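Residue strings, one per chain:
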Amino acid sequence: QVQLVESGGGMVQAGASLRLSCVASGRIFSVYTMGWFRQAPGKEREFVSAIRWSDSDTYYAGAVKGRFTISRDNAKNTVYLQMNSVTEEDTAVYYCAANKNYGSLIPNARRYDYWGQGTQVTVSS
C-alpha cells in the first residue's frame, strides 16, 4: 500500500502562485509515476500533470502547461505542483495519485492505484 497526503491548498487571488505538496509513504518502491488531478464542483475529475519517479519526465494538461510545474524530491518522497498565474478556472480540489503498473505518463485517472484525500484551491478575482 501507498499512502498519499496533500497539503498547500488555500484561497488566493487570480494571478498569484501556490505550491502543493504530496508526501508519499509505504511501498513507494512500487510506484512508477505520480500525478495531480483536480475536480471542480459539478465537473469530472481531470488530469493536471504527471511525473515519472525514476527520471522526472513530465507531462501536462494543455490548460496548465506553461503555468504549472510538477517536480519531485526523492529524498523526501514528495511530489510538488507549483502553480503560477492561477485563474478562477483553477479552482478545484486537487488530488495526488500514484500509479504502480504503468511506466508511461498517463492522464487517465482510472490507471492510478492510490489517491490522497485532496486539498482545496480557491482562486478569487
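For the structure, check the block above.
Source: prediction; values computed, not measured. (Residues numbered from 1 in each chain as written. Predicted model: local features only at pLDDT ≥ 70, side-chain atom pairs only at ≥ 80, totals over all residues. Heavy atoms only, no water.)

Novice: Before we go on, may I ask you to explain the state of the cysteines in this structure?
Specialist: Disulfide: a covalent bond connecting the sulfur atoms of a pair of cysteines. Enumeration according to the criterion identifies 1 disulfide in this entry. One disulfide in the model links C22 with C96; its S-S distance is 2.0 Å. The chirality of the disulfide connecting C22 with C96 is left-handed, given an S-S dihedral of about -75 degrees. Linking C22 in strand β3 (residues 18-26) with C96 in strand β9 (residues 92-99), this pair joins segments that are 74 residues apart in sequence. Overall, the relative accessible area of 0% leaves C22 in the buried class. Overall, the relative accessible area of 0% leaves C96 in the buried class. (Disulfide = S-S within 2.5 Å. Helix = DSSP H or I, 4+ residues; strand = E, 2+ residues; numbered from the N terminus. Buried < 20%, exposed > 50% of the residue type's maximum accessible area, 1.4 Å probe, protein only.)

Novice: Can you walk me through the packing of aromatic side chains in this structure?
Specialist: In this description, a pair of aromatic rings is defined by centroid distance and the angle of the planes. Counted according to the given criterion, the structure contains 6 aromatic pairs. Centroid distance F37 to W115: 5.1 Å. Interplanar angle 55 degrees. Geometry classified as tilted. On the criterion of sequence distance, the pair formed by F37 in strand β4 (residues 33-39) and W115 in strand β10 (residues 114-115) is long-range, its members being 78 residues apart. Taking 6.5 Å as the distance between ring centres and 75 degrees as the angle between the ring planes, the aromatic pair formed by Y95 and W115 counts as edge-to-face. One end of the pair, Y95, is in strand β9; the other, W115, is in strand β10, and 20 residues separate them in sequence. For Y95, a relative accessible area of 14% puts it in the buried group. Cluster of aromatic residues (ring-pair linked, three or more members): F37, F47, Y59, Y95, Y112 and W115. Lying across the ring of Y95, R45 places its NZ or CZ 3.8 Å from the centre. (Phe/Tyr/Trp six-rings, centres within 6.5 Å; stacked < 30°, edge-to-face > 60°. Lys NZ or Arg CZ within 6 Å of the ring centre and 35° of its normal.)

Novice: What exactly am I supposed to notice about the sheet that holds strand β7 (residues 68-73) here?
Specialist: By definition, the strands of a sheet pair up through backbone hydrogen bonds, in either a parallel or an antiparallel sense. Spatial strand order, β1-β3-β8-β7: 4 strands in an open sheet with antiparallel pairing. The sheet is open, and its two edges are formed by β1 (2-7) and β7, each paired on a single side. Each strand axis lies, on average, 15 degrees off the axis of its neighbour in the sheet, ignoring direction. As defined by bridge partners, β1 adjoins β3 across 6 bridges and the pair is classed as antiparallel. For L4, the partnering residue across the bridge sits in β3 and is A24. (Pairing = 2+ DSSP bridges. Axes fitted to C-alpha atoms, helices over the stretch in contact; angles between N-to-C directions.)

Novice: Please explain the pattern of salt bridges as it appears in this structure.
Specialist: As a working rule, side chains carrying opposite charge can pair if their charged atoms are close by. Under the criterion given, the structure shown has 5 salt bridges. We note a salt bridge from E46 to R38, for which the minimum N-O separation is 2.5 Å. Across the pair R67 and D90 runs a salt bridge whose closest N-O atoms are separated by 2.8 Å. Remark: D90 occurs in the loop between β8 (78-83) and β9 and R67 occurs in the loop between β6 (58-60) and β7; sequence separation between them is 23 residues. We note that R67, like D90, is buried. (Salt bridge = Lys/Arg side-chain N within 4 Å of Asp/Glu carboxyl O.)

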